[in-house]
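# Observations on chain architecture
Next come the chains, spelled out residue by residue.
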Amino acid sequence: MQSKTIKLYENMSLYQRQNSKNYYACVYHNQKQYRKSLKTENVNEAKKLCFAFANDLFNNKESVLYDTESAFSVYADKFLDIVKQQNKTTASGISSYEETKRFLNRKNGIRSYFDNKVITDISRTDVVDYLMQIEIEKKQLSKSTINKHLVTLRQILDLAEHYIKFPKNNGVKAKRRGYFDKNSYRKIRDASLELVGTSIKMHNGSRYTITEDLHDFIVFMMSSMLRPTINEIYSIKFKDLIENSIDDTKYLTITNLNRKNKMMSVDTLETATFTLRDMRARKDCFDDDYLFLNQYKNRRHAMRIMTAMFKHLLKETECEVDLSGNVCTAYSLRHTSIILNLLNTNITHIQIARRADTSLKMIDNFYYPESELNTDLRAYLRIST
């Protein structure tokens, strides 16, 4: 017999038996009762345990009440199938399906948090709690990263026609990428040749040897404002290069380049022609050969190796951060190249934005302020006005 009952909701209550001070949970569903001893005499603790019991009943895959058809995991799988059928490629050169799959399955990611939940039970509070737990090791995520989580989660919820108001994105504003000043650029450019033959160790234990490709990569990036992605710098083959000249100034035109926003051709500065000349003098260069690390036909693998080489170079030259403390990566070469081009007063910002495949907003917010502080770089790089 029951001696005391505390009603929590229409379908949930606590009670005590006459011969025990411990609380029991009772959950009603479809005219059936599901009971559990909570093994506590504290009423506040009992309430929490009762809610946990109810949540487990409906969301635990092993529970008899678990609704497999309404599970979040079902709609996550459907969403992945849609992405796979769309057969799109990201700016980094990998399929959207593979990137989305990896993103959903990341540590503390969407699937690990929501997979066992009934999708129609997910609330705004659940989303807030999820965003709090994805900040691994208390590292605050950027707004762009949080937005990727929110957009993906919203698309899955929309697929189930479950619409909720999402919390405000409170991530940190994206920082400017590091860039190389006169001294640091000269240091990494020269050191890249000095390190040829050096063995580097990858995170998986495999070893690779630094080659002249690292130096050529640096100069070519600086000459072109390209992104260090599979679709851009790592996709170029020798057959994609056309040698041109205007008034005795040589330059290269890179054809059929799949950039972030569209297919386009890209013109380089004259320094790229010198790099091409040196590459041809050093080795056989066939039309279907990739410009950089041709021995690795898997271009994602080639990108990983070049990234490891460049990271080792920055560590050896103590150029891992710029003068403002921003972290430098291979992207910093593009960042630096755009800044240098902004120093040329004969070129408008819109021309630079178009050639770099970026926006005027990005130019004004991330590149132009730094270019104003580095006017001495023009003389160093022999940029004429």
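Given the structure is predicted, the values throughout are model-derived calculations rather than measurements.

Next up on the list: the packing of helix H8 (residues 213-224) against helix H10 (residues 299-317). Between two packed helices, the angle of one axis relative to the other and the distance separating the axes together describe the packing. Two elements in contact, H8 and H10, have axes whose closest approach is 10 Å; the angle formed by their N-to-C orientations is 85°. As far as their axial angle goes, H10 and H8 are roughly perpendicular. Along its contact with H8, which presents Asp-213, Leu-214, Phe-217 and Ile-218, the element H10 presents Met-306, Met-309, Phe-310 and Leu-313. Broken down by class, the residue content of the contact of H8 with H10 amounts to seven nonpolar, no polar and one charged.

This part covers unusual backbone geometry. Of all residues except glycine, most have a negative phi; of all peptide bonds, most are trans. Although it is not a glycine, Glu-161 sits at a positive phi angle of roughly 55°. As for its placement among the helices and strands, Glu-161 is situated in the loop between helix H6 (143-159) and helix H7 (182-194). For Leu-293, which is not a glycine, the phi torsion comes out positive at approximately 50°. Inspection of the secondary structure assignment puts Leu-293 in the loop between helix H9 (271-282) and H10.

In this section: the packing of aromatic side chains. Throughout the structure, instances matching the rule amount to ten aromatic pairs. Between Phe-217 and Phe-292, the ring centres sit 6.0 Å apart and the planes meet at 85°, which makes this aromatic pair edge-to-face. Residue Phe-217 is found in helix H8, and its partner Phe-292 is found in the loop between H9 and H10; the two are separated by 75 residues along the sequence. Taken together, the aromatic side chains of Phe-72, Tyr-113, Phe-114 and Tyr-130 make up a single cluster linked through ring pairs. The cationic tip of Arg-17 hangs over the ring face of Tyr-24; the distance from NZ or CZ to the ring centre is 4.3 Å. Above the plane of the ring of Phe-166 lies Arg-154, whose end atom (NZ or CZ) is 4.1 Å from the centre.

Now for the packing of helix H11 (residues 331-342) against helix H12 (residues 349-356). For the pair H11 and H12, the least separation of the axes is 10 Å and the interaxial angle reads 155°. Of the possible angle classes, the one that applies to H11 and H12 is roughly antiparallel. The element H11 and its partner H12 pack so that their crossing is right-handed. Where H11 abuts H12, its residues Arg-334, Ile-338, Asn-341 and Leu-342 lie against His-349, Ile-352 and Ala-356. Partitioned by chemical class, the residues of the contact of H11 with H12 number four nonpolar, two polar and one charged.

Our next topic: the nonpolar core. Counting 49 residues, the largest nonpolar core has Phe-217, Phe-220 and Phe-310 as its most contacted members. Considering every element that reaches this core, the biggest residue donor is H10, with nine residues. The residues touching Phe-310, leaving out its near neighbours within four places in the chain, are Phe-180, Ile-188, Leu-214, Ile-218, Thr-329, Ala-330 and Leu-333. Counting 26 residues, the second-largest nonpolar core is a separate cluster that includes Ile-110, Ile-119, Leu-141 and Leu-153.

Rules and cut-offs
Residues numbered from 1 in each chain as written. Predicted model: local features only at pLDDT ≥ 70, side-chain atom pairs only at ≥ 80, totals over all residues. Heavy atoms only, no water. Axes fitted to C-alpha atoms, helices over the stretch in contact; angles between N-to-C directions. Helix = DSSP H or I, 4+ residues; strand = E, 2+ residues; numbered from the N terminus. Parallel < 35°, antiparallel > 145°, perpendicular 65-115°, else oblique. Contact = heavy atoms within 4.5 Å. Nonpolar A, V, L, I, M, F, W, Y, C, P; charged D, E, K, R; others polar. Phe/Tyr/Trp six-rings, centres within 6.5 Å; stacked < 30°, edge-to-face > 60°. Lys NZ or Arg CZ within 6 Å of the ring centre and 35° of its normal. Left-handed = near helix turned anticlockwise from the far one by under 90°. Core = buried A, V, L, I, M, F, W, Y, C linked by side-chain atoms within 4.5 Å. Buried < 20%, exposed > 50% of the residue type's maximum accessible area, 1.4 Å probe, protein only.

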